[in-house]
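Here are the chains, one letter per residue:
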Amino acid sequence: VYYTATKRQYDGAIIEVGHYFTHHLLIPPGVRDVDFQATCPERCTQSGLPPGGVNVIASILHAHTAGSAMWVEHIRNKTKLPNIDQNLNYDFNFQEMVLLRSEVTILPGDDIRVFCRYDTSDRTAITLGGEGTSDEMCLAFLLVYPKPDIAMCLSRITNEAFASFLTKAAIAGYYTNTVNESADDATQ
């Protein structure tokens, strides 16, 4: 450990962006490429970032064992900028922090979108969001400076919208309560 008598100009931080990992993340079984998007909307960056924005210097992409590709899009004024990070061959067993080739500035009002692609071709039941490795997540951890007011910006579907989705999926024959946990647990 090294200490300095001279304080650095900026404090750094990690901003967690993606989908809040609840059972509201449902991935159908038996499908090779299922894409999922989570958004940190402009209203979140508008209120949580300093006026000059933050500079991203590194990224950690995180999904579990069904994750097969991930990328983080950057949108400013409805225009897509180059991806902040991208791993089209994601492997749960080889997660790492990636230093960006050049810093990316996220300004107040920008949208950040995290995309996760899942491969459930070897699964026979719906995969839910959760903390277990057989559950799924869709997150990116962005190492930034200066330290912003926000530590996370996560998407989440409401319980009412989720219950409506399950009802429509059951009527259409896509949902039969065959998941890793009971349907009652899935709506909480």
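Now for a quick tour of the structure. (Residues numbered from 1 in each chain as written. Predicted model: local features only at pLDDT ≥ 70, side-chain atom pairs only at ≥ 80, totals over all residues. Heavy atoms only, no water.)

1. Structural notes on the state of the cysteines
Taken as a whole, this structure holds two disulfides when the rule is applied. At a sulfur-sulfur separation of 2.3 Å, the disulfide partner of C40 is C153. Here the disulfide of C40 and C153 is right-handed, its torsion about the S-S bond being about 100°. Here the residue C40 occupies a position in strand β3 (residues 34–40), and C153 occupies one in strand β11 (residues 152–155), the gap between them amounting to 113 residues. Look at C40 and you get buried, because its relative accessible area is 2%. (Disulfide = S-S within 2.5 Å. Helix = DSSP H or I, 4+ residues; strand = E, 2+ residues; numbered from the N terminus. Buried < 20%, exposed > 50% of the residue type's maximum accessible area, 1.4 Å probe, protein only.)

2. A short note on empty space enclosed by the protein
Here the structure, examined in full by the defined rule, presents one cavity of 30 Å³ or more. As a volume, the largest cavity reaches approximately 50 Å³. Every residue lining the largest cavity is listed: I15, V17, C40, T45, L49, I106, I112, L142 and I150. By residue class, the composition of the lining of the largest cavity is eight nonpolar, one polar and no charged. (1 Å grid on protein atoms, 1.4 Å probe; cavity = no way out; pocket = protein on both sides within 12 Å on 5 of 7 lines; lining within 4 Å. Points joined across faces, edges and corners; volume = space filled by probe spheres on them. Nonpolar A, V, L, I, M, F, W, Y, C, P; charged D, E, K, R; others polar.)

3. Overview of helix α2 (residues 159–171)
For α2, which comprises 13 residues, the first-to-last C-alpha distance of 18 Å matches the rise-based estimate of 18 Å (1.5 Å per residue) to within 8%. Considered for burial, the residues of α2 that qualify are F162, L166 and A169. Angular distribution of buried residues about the axis of α2 spans 65°; they occupy a single face of the element. Away from its buried face by more than 90 degrees, α2 exposes E160, K168 and I171. Taken from the residues just after α2, G173 is the one with a positive phi, measuring 90°. (Expected span 1.5 Å × (residues − 1). Arc of directions from axis to C-beta.)

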